[in-house]
Amino acid sequence: FVHHPDENADVDDLNNFQDIHQKRLIFDELFLLQLAQKYRKALLQRHPSYSIKVKEDFLQDVEKNLPFQLTNAQKRTIKEIFSDLEKDIPMNRMILGDVGSGKTVVAAIASLAVALNNYQSAVMAPTEILAQQHYNNFKNFLKPYLKDYEIALLTGSLSSSEKKNIYKAVESGIVKVVIGTHALLEEKLKFKDLALVVVDEQHRFGVEQRKSLIERSEKKPHVMVMTATPIPRTLALAYYGDLDISKLDELPKGRKPVKTVILFERERDKLYSVINQELEKGRQAFVVYPLIQESEKTDLKSAEEGFKHYQEAFPDYKVVLLHGKMKQEEKDRIMQEFKEGKAHILVSTTVIEVGVDIPNATVMVIEEAHRFGLSQIHQLRGRIGRGQYEGYCFLMAPDELSQPQQDSSKEKSRLKALERLKILVKTSNGFEIAEKDLELRGAGDIAGTRQSGESGFMLADLKRDEELLEIATKEAQEIINQDPTLSKYKELKLSLIHI
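Residues numbered from 1 in each chain as written. Predicted model: local features only at pLDDT ≥ 70, side-chain atom pairs only at ≥ 80, totals over all residues. Heavy atoms only, no water.

Asks: How would you sum up the nonpolar core? Please name residues and give values.
Replies: Core analysis: the biggest nonpolar cluster contains 82 residues, and F82, I109, M224, F286, I366 and L395 have the highest contact counts within it. It is helix α4 (residues 103–115) that provides the largest number of residues to this core, a total of 10 residues. Ignoring anything within four residues of it in the chain, the contact list for F82 reads V54, F58, L59, I109 and A113. F31, Y39, V197 and V199 belong to the second largest nonpolar core, which has 53 residues in total. (Core = buried A, V, L, I, M, F, W, Y, C linked by side-chain atoms within 4.5 Å. Buried < 20%, exposed > 50% of the residue type's maximum accessible area, 1.4 Å probe, protein only. Helix = DSSP H or I, 4+ residues; strand = E, 2+ residues; numbered from the N terminus. Contact = heavy atoms within 4.5 Å.)

Asks: Give me unusual backbone geometry: which residues, what numbers.
Replies: You will see that N118, though not glycine, has its phi angle at about 70 degrees, which is positive. The topology assignment puts N118 in the loop between α4 and β2 (120–124). At L486, a residue that is not glycine, the phi angle is positive and equals roughly 55 degrees. Looking at L486, the relative accessible area reads 0%, which means it is buried.

Asks: Describe the pattern of salt bridges, and please don't skip the residues or the numbers.
Replies: Pairing between side chains of opposite charge can happen when their charged atoms approach one another. Throughout the structure, instances matching the rule amount to 23 salt bridges. Residues K163 and E186 are paired through a salt bridge, measuring 3.5 Å at the closest nitrogen-oxygen approach. With K163 in helix α6 (residues 160–172) and E186 in the loop between β4 (177–180) and β5 (194–200), the pair connects residues that are 23 residues apart, well separated along the chain. Between R414 and E411 there is a salt bridge, with its nearest N and O atoms 2.9 Å apart. On the criterion of helical spacing, the pair formed by R414 and E411 is a turn pair, its members being 3 residues apart in helix α13 (residues 408–426). You'll find R414 and E411 in the same group, each marked buried. The network of salt bridges with common partners includes K318, E330, R333 and E337. (Salt bridge = Lys/Arg side-chain N within 4 Å of Asp/Glu carboxyl O.)

Asks: Got a sec to walk through the sheet that holds strand β10 (residues 319–322)? Specific residues and values, please.
Replies: Strands belonging to one sheet form pairs held by backbone hydrogen bonds; the direction of such a pair is parallel or antiparallel. Taken in spatial order, the 6 strands make up an open sheet running β8-β13-β12-β9-β11-β10, and their pairing is parallel. The two strands at the open ends of the sheet, each matched to only one other strand, are β8 (259–264) and β10. Taking each pair of neighbouring strands and ignoring which way they run, the sheet shows an average axis angle of 20 degrees. Bridging between strand β9 (residues 284–288) and strand β11 (residues 345–348) involves 4 bridges; their strand directions are parallel. Within the sheet, the bridge partner assigned to V288 lies in β11 and is S348. The strands touched by helix α12 (residues 374–381) are β8, β9, β12 (361–366) and β13 (392–397); relative to β12, the strand with the most contacts, the crossing angle is about 155 degrees. Its contacts with the sheet place α13 against β8 and β13, and it is angled at close to 150 degrees to β8. (Pairing = 2+ DSSP bridges. Axes fitted to C-alpha atoms, helices over the stretch in contact; angles between N-to-C directions.)

Asks: Requested: an account of the sheet that holds β2, with residues and values cited.
Replies: Strand order in this open sheet of 7 strands is β3-β4-β2-β5-β6-β1-β7, and the pairing throughout is parallel. The sheet is open, and its two edges are formed by β3 (151–154) and β7 (244–248), each paired on a single side. Shown here is a sheet whose adjacent strand axes are inclined to one another by a mean of 20 degrees, direction ignored. The pairing of β2 with β4 spans 4 bridges and is classified as parallel. Residue A122 lies in a different strand from β4, and its bridge partner there is V178.

Asks: Describe the environment of V258, naming the residues involved and giving the relevant values.
Replies: Here V258 is to be found in the loop between β7 and β8. Distance from V258 to E390, taken between C-alpha atoms, is 6.4 Å for residues 132 residues apart in sequence. For V258, the residues in contact, after removing those within four places along its chain, are R381, I384, G385, G391, Y392 and C393.

Asks: Which residues make up helix α5 (residues 128–142), and what are the values?
Replies: Compared with an ideal rise of 1.5 Å per residue, which puts 15 residues at 21 Å, α5 spans 21 Å between its outermost C-alpha atoms and is within 8% of the ideal. Of the positions making up α5, those classed as buried are I129, L130, A131, Q133, H134, Y135, F138, F141 and L142. Residues of α5 that are buried in the fold lie against α4, β2, β3, β4, β5 and α11 (328–339). (Expected span 1.5 Å × (residues − 1).)

Written out as structure tokens, the structure reads:
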């Protein structure tokens, strides 16, 4: 009847029938996804983990020794983590932190709780410069509690003898916190008691890579994954149902908001005037060009041309270029040069490292901003305004976006592009922006590589079917509560194999 309705059927009855049964099919699709995630979570929790004892006044004591006050969101998240750590089942928690919300100190405090129980933590970052930054921050935050030799940095660029010394100290248990890159995955690295694994920018690591680190311990370690990309609530519910989620949705006190402005090509002189003023004050600037996979060569060329253009526009300052075709060592060298203030303008494609702190950078220029996703621009905007100075983000757009088009489809496209950019001018809340991005672009293939459009569901639409997703999640959880191994639901269990 759904596929071949009776020609004589009443239209209202037919629409009502199709609506009910379509909803049922959508529910089934969402329910199976949620059941698979809840089942995975239940399987994980059958393994024993390390029970970490945390004193009641521990957090207050730690905060007294920090150079800043924790936000309410940080305190709430840390308490959620402590509650997980005290159990003897593995924590599996995602920390969703808006840009600049202070995820690093949360990870450091969790690692400290583990260290004071005489266990070990491993913190994995995607690049050497980020790993080095975490290492420096952890040492500063944990100085009153841990000795320098109890915190180690392990990266690929270390010499063989330096690595051997770290391997020995980790295996003996002297090192309580080891921070590193993919070097943490090397088989030679053996832990005495690895109780906590922290993965920063978790989307940059494959499932097998994370798994190989987690399986280095006799018991299952607690796992905390962190991401600086705010994820809309429905996407988090749909795709991360096997994780508990904490949100850092509050910025630390003293962070000045970044002023965001849309400028058209004909207004480029205004942009150069502000950049010049900031450079004269001793500040620095980022300039980012889009990088779309299908036209990588074209984009690389536009970044290179832009680099030459900025060199000509600012002859008295050092301009450097960063792009994805460079080797990691070269990228790290350029970023380090910029971080140390030896370069004044960094022209880049979208390879700028998320999380890298350059407190002296106050200008972010997004060239051809209409080609970026909202959340991506928000991430890039988060690279500035991290110090005591006010930040400026310029969204550069072609002149035709400012001029009404005769063609109705082109005019619709123009207005939509402007509407998207205006959202970034109105708000700096990453979670609000992520919701708008979902609304305007579609969910994308969140588990795969596509970043917009279709989500991979056959029928479900996460924005439209949020209510059904809630019901499906509740039903899946009830079944798992009654039967965690799905022993009474063998056919259902078989259907989860391909999810």
